Amino acid sequence: MDQRIRFAPFGRLTSAAKHWLLPLCALTASFVSHSDELTQKQLEDVAKVRTLASQSDLSWQLLESLTTEIGPRLPGTENDKLTVAWAEKQFNRLGFDKVWLEAATFPEWRRYHESAKLIAPSEQPLHITALGNSISTPQQGLRGEVVLFETFDELKAAPVGSLKGKIAFINYRMNRDIDGNGYGPAVQARNKGAVEAAKKGAIAYMMRSVSTAHHRFAHTGGSHYDEQVTKIPATAIANPDADQIARLLKHGHTPQVEINIQTEDLGEGTSFNVIGEITGSEFPEQYVLLGSHHDSWDLGTGALDDGAGMALTMAAAKHIASVTRPKRSIRVVLFAAEELGLWGAKAYFKRHEDKLAQIVAAAESDFGADVVYAFESKVNAASLPLVRAIAEQLKPLGITYIGANRARGGPDLIPLNNMTSAPIFDLHQDGTDYFDYHHTADDTLDKVDPEKLKQNTAAYAVFALMAANGKTSMQGK
C-alpha cells in the first residue's frame, strides 16, 4: 500500500472476534446492500456461506494433510510432484466441476549443505542459510574478513575493488508492522546484494535475515545474479548472529568468518499450476480467480507460506458450491514455483493472455494465516457499489473497508497487473508476526490458529461469491 494503514490486530478486537464467532445466520436480516447488485436470495446465500465457512474445519484439514503428509515443497523436488498430485486429488474429492494442470518451467535449484562460523576474534557457530539460486562455495568453504554495511545503498556506494578478498555483510533491520511494509526495502538487499558485493570485489555475500524475529533461525529467499558480473555465494544469517557480528565491530574487532554452502543449479525444471473450478450457472466463461502458490522453501513445511493460502482458497470455493451455484465461475489457481520467481503465475497469465478480460475479480492469499482485518479493491468506478456491498457483508468478520481503490494483489497477481487493468482485491491479513517465521525452519503447522484460518476462509468465500454474482463487470480501473 502507498500509505501505512494501522489497525488494531484482530486478536485484540474482542467484540469483533465474538461477533464473527457467533452463529452468523441470525445476522442475515440486519444486512442492507449498498446497491441493487445482489438479490435478497443471493444475500441470504452469502450469509449461509459465511456461517458455514466460519464453523467448518475443512481449511484446517487440508492444511494439516498438506504439511504433514508432504511437508516442504521446493519446486522440482519429489515433494513438489507429490504436491501437484495431492492438490489434483483434493480438488476432485471436494467435487470441483473441472480440475486440470498447466505446465510451468523454471530454473531448478537445490540446497545440500550450509554451515558457517566466526573464526576470529574467537570461534563461534553462526546460523546461516543459502539464498535461493546461490552458487556454492568451494568444497572446503571460504574464509574472509567481514565488512559491514547498514543498507543496500551503502554497499552500492562502496568504491570498486574496496572489498577484494572480503565478505560483504548488510545488517539492514526490517521493521515490524501489521501490513509488512518493511519487507520491500529489505528484499532489495536479498535480490541484488550478491551482485553489488561482487562488483566491489567481495568473495561472498552475507546479509541479516529479512525478518522481524529474535529467534536464531536464518531466513532464506530468492536472490538473483547478473550474467555480466562474477557470481559469488549469497547467504543470510540469523538476526542474533548478525547482532553478534555488529557488536564485535563496535568493540573494535575485525570479525573473520568461514562459510561453506553446497548448492546446485539443475537447469530448466517443470512443475504444474493446479487449477480447480466451480462452474458458473449463467456466465461460465467469466470467473473469479482465487490464487495461492503450492511450492515452498525447503527449510520448514510451508504452513504459513503458502499452505494456508492453498487450503483456505480451496475450502472457500467448496463452501460456496455447498450452498449455491454462482452466476460466474470460481477458479482456484495453485501457482507453481512462486518462490523462485513467480514462474507459475507468469506461465498462467501468458497462456490465458487473450482471455484475461474474463477475470471479473482476482485475489491471492499469500501472507500467512492471521486474521483478515481490511478489504480493498482496484476496480472501475462503476463497480464501487458492488465493492461496498461486499464490504458490508465482511463486517461481521471484523473486516474494515479501505475505500482508496488502490489494491495491489498478491505476488502471483503481479503479471496480471502488468498485462491488463484487472479488477484486483486485497483481503489484508495481519502480518505483525508473519516475518518471524517467513522462509525459515519455523514455518510449521503449529504457527497456524485454526479459528483465524476459519475467519480467512469465510472472508474469501464471501468475497468470491458476491463478486461472482454481481451485475456489473469490474474490469478496467
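Note that the coordinates shown come from a computational prediction; the quantities given were computed from them, not determined experimentally.

Conventions adopted
Residues numbered from 1 in each chain as written. Predicted model: local features only at pLDDT ≥ 70, side-chain atom pairs only at ≥ 80, totals over all residues. Heavy atoms only, no water. Helix = DSSP H or I, 4+ residues; strand = E, 2+ residues; numbered from the N terminus. Contact = heavy atoms within 4.5 Å. Expected span 1.5 Å × (residues − 1). Buried < 20%, exposed > 50% of the residue type's maximum accessible area, 1.4 Å probe, protein only. Salt bridge = Lys/Arg side-chain N within 4 Å of Asp/Glu carboxyl O. 1 Å grid on protein atoms, 1.4 Å probe; cavity = no way out; pocket = protein on both sides within 12 Å on 5 of 7 lines; lining within 4 Å. Points joined across faces, edges and corners; volume = space filled by probe spheres on them. Nonpolar A, V, L, I, M, F, W, Y, C, P; charged D, E, K, R; others polar. Lys, Arg positive; Asp, Glu negative; His and termini not counted. Polar contact = N/O pair within 3.5 Å; in protein donor to acceptor, adjacent residues only side chain to side chain. Core = buried A, V, L, I, M, F, W, Y, C linked by side-chain atoms within 4.5 Å. Arc of directions from axis to C-beta. Phe/Tyr/Trp six-rings, centres within 6.5 Å; stacked < 30°, edge-to-face > 60°. Lys NZ or Arg CZ within 6 Å of the ring centre and 35° of its normal.

### Observations concerning the environment of Ile 170
Then, number 1: Examined against the element boundaries, Ile 170 turns out to sit in strand 5 (residues 167-170).
Then, number 2: Put simply, Ile 170 and Tyr 205 are 35 residues apart on the chain and 8.4 Å apart in space, counted from C-alpha to C-alpha.
Then, number 3: When residues no more than four places from it in sequence are discounted, the contact partners of Ile 170 are Phe 149, Glu 150, Thr 151, Phe 152, Leu 155, Ala 189, Tyr 205, Met 206, Met 207 and Arg 208.

### Some details on helix 7 (residues 239-250)
Then, number 1: Between its first and last C-alpha, helix 7 extends 16 Å over 12 residues, near the 16 Å set by a 1.5 Å rise per residue.
Then, number 2: Listed as buried for helix 7 are Asn 239, Asp 241, Ala 242, Ile 245, Ala 246 and Leu 248.
Then, number 3: Buried residues along helix 7 sit in contact with strand 1 (98-120), strand 2 (124-126), strand 4 (142-149), strand 5, strand 6 (204-208) and strand 7 (234-237).
Then, number 4: Just past helix 7, the residue Gly 252 takes up positive phi, approximately 90°.

### A few points about the pattern of salt bridges
Then, number 1: Scanning all chains against the criterion turns up 26 salt bridges.
Then, number 2: A salt bridge links Glu 114 to Arg 111; the nearest nitrogen and oxygen atoms lie 3.1 Å apart.
Then, number 3: What makes Glu 114 partly exposed here is its relative accessible area of 23%.
Then, number 4: Among the residues examined, Arg 111 registers a relative accessible area of 12% and is labelled buried.
Then, number 5: Among the salt bridges present, the one from Asp 433 reaches Arg 176, with a minimum N-O distance of 3.3 Å. Taken together, the residues span a long stretch of sequence, with Asp 433 in the loop between strand 14 (424-429) and helix 12 (434-437) and Arg 176 in the loop between strand 5 and helix 6 (183-199) at a distance of 257 residues.
Then, number 6: Judged by relative accessible area, which is 37%, Asp 433 ranks as partly exposed.
Then, number 7: Overlapping salt bridges, with partners in common, bring together Asp 57, Glu 451 and Lys 454 in one network.

### Some words on empty space enclosed by the protein
Then, number 1: For the coordinates displayed, the defined rule picks out three cavities of 30 Å³ or more.
Then, number 2: The space that makes up the largest cavity amounts to roughly 50 Å³.
Then, number 3: In this structure, the largest cavity is lined by Ser 296, Trp 297, Leu 299, Gly 300, Gly 302, Asp 305, His 439, Thr 440 and Asp 443.
Then, number 4: Classifying every residue of the lining of the largest cavity by side-chain character gives two nonpolar, five polar and two charged.

### A closer look at the side chain of Lys 378
Then, number 1: Here Lys 378 is to be found in strand 12 (residues 372-378).
Then, number 2: Although Lys 378 is buried, it makes no salt bridge; Asp 426 carries the closest opposite charge, 9.5 Å away.
Then, number 3: Within the structure, Lys 378 has its side chain in polar contact with the side chain of Asn 417 (distance 2.7 Å).

### Side note on the nonpolar core
Then, number 1: Ranked by size, the top nonpolar core spans 98 residues in total, and within it Tyr 205, Val 288, Ile 330, Phe 375, Phe 425 and Phe 463 carry the most contacts.
Then, number 2: Ranked by residue count, the leading element in this core is helix 13 (residues 450-469), at 12 residues.
Then, number 3: For Phe 375, the residues in contact, after removing those within four places along its chain, are Val 387, Ile 390, Ala 391, Leu 394, Ile 399, Thr 400, Tyr 401, Ile 402, Phe 425, Asp 426, Leu 427 and Phe 463.
Then, number 4: Judged by nonpolar contacts, the second largest core, of 25 residues, contains Phe 106, Ala 116, Ala 242 and Ile 259.

### Structural notes on helix 9 (residues 343-351)
Then, number 1: Inspection of helix 9 places Gly 344, Ala 345, Tyr 348 and Phe 349 among the buried residues, and these make up the whole buried set. All buried residues of helix 9 fall inside an arc of 120° around its axis, so they share one side. Exposed residues pointing more than 90 degrees away from the buried face of helix 9 are listed as Lys 350 and Arg 351.
Then, number 2: Looking at the packing, one finds that the buried side of helix 9 touches strand 1, strand 8 (256-278), strand 9 (283-293), strand 10 (328-335), strand 11 (359-364) and helix 11 (414-419).

### Concerning the packing of aromatic side chains
Then, number 1: Counted under the stated rule, the structure contains 13 aromatic pairs.
Then, number 2: The interplanar angle of 55° and the centroid separation of 4.7 Å between the aromatic rings of Phe 367 and Tyr 434 together place this pair among those described as tilted. With Phe 367 in the loop between strand 11 and strand 12 and Tyr 434 in helix 12, the pair connects residues that are 67 residues apart, well separated along the chain.
Then, number 3: According to the relative accessible area criterion, Tyr 434 is buried, its value standing at 7%.
Then, number 4: Here the aromatic rings of Phe 375 and Phe 425 are separated by 5.7 Å at their centres, their planes lie at 15°, and the arrangement is stacked. Residue Phe 375 is located in strand 12, and its partner Phe 425 is located in strand 14; the two are separated by 50 residues in the primary sequence.
Then, number 5: On the accessibility criterion, Phe 425 (1% relative accessible area) is buried.
Then, number 6: Sitting over the face of the ring of Tyr 287, Arg 331 holds its NZ or CZ atom 3.9 Å from the ring centroid.

### Some points on the side chain of Asp 366
Then, number 1: Take Asp 366: it is sitting in the loop between strand 11 and strand 12.
Then, number 2: No salt bridge is formed by the buried Asp 366. Its closest oppositely charged neighbour is Arg 73, at 9.1 Å.
Then, number 3: Ignoring any residue separated from it by four or fewer positions in sequence, one finds Asp 366 in contact with His 293, Asp 305, Asp 306, Glu 338, Pro 411, Gln 429 and Tyr 434.

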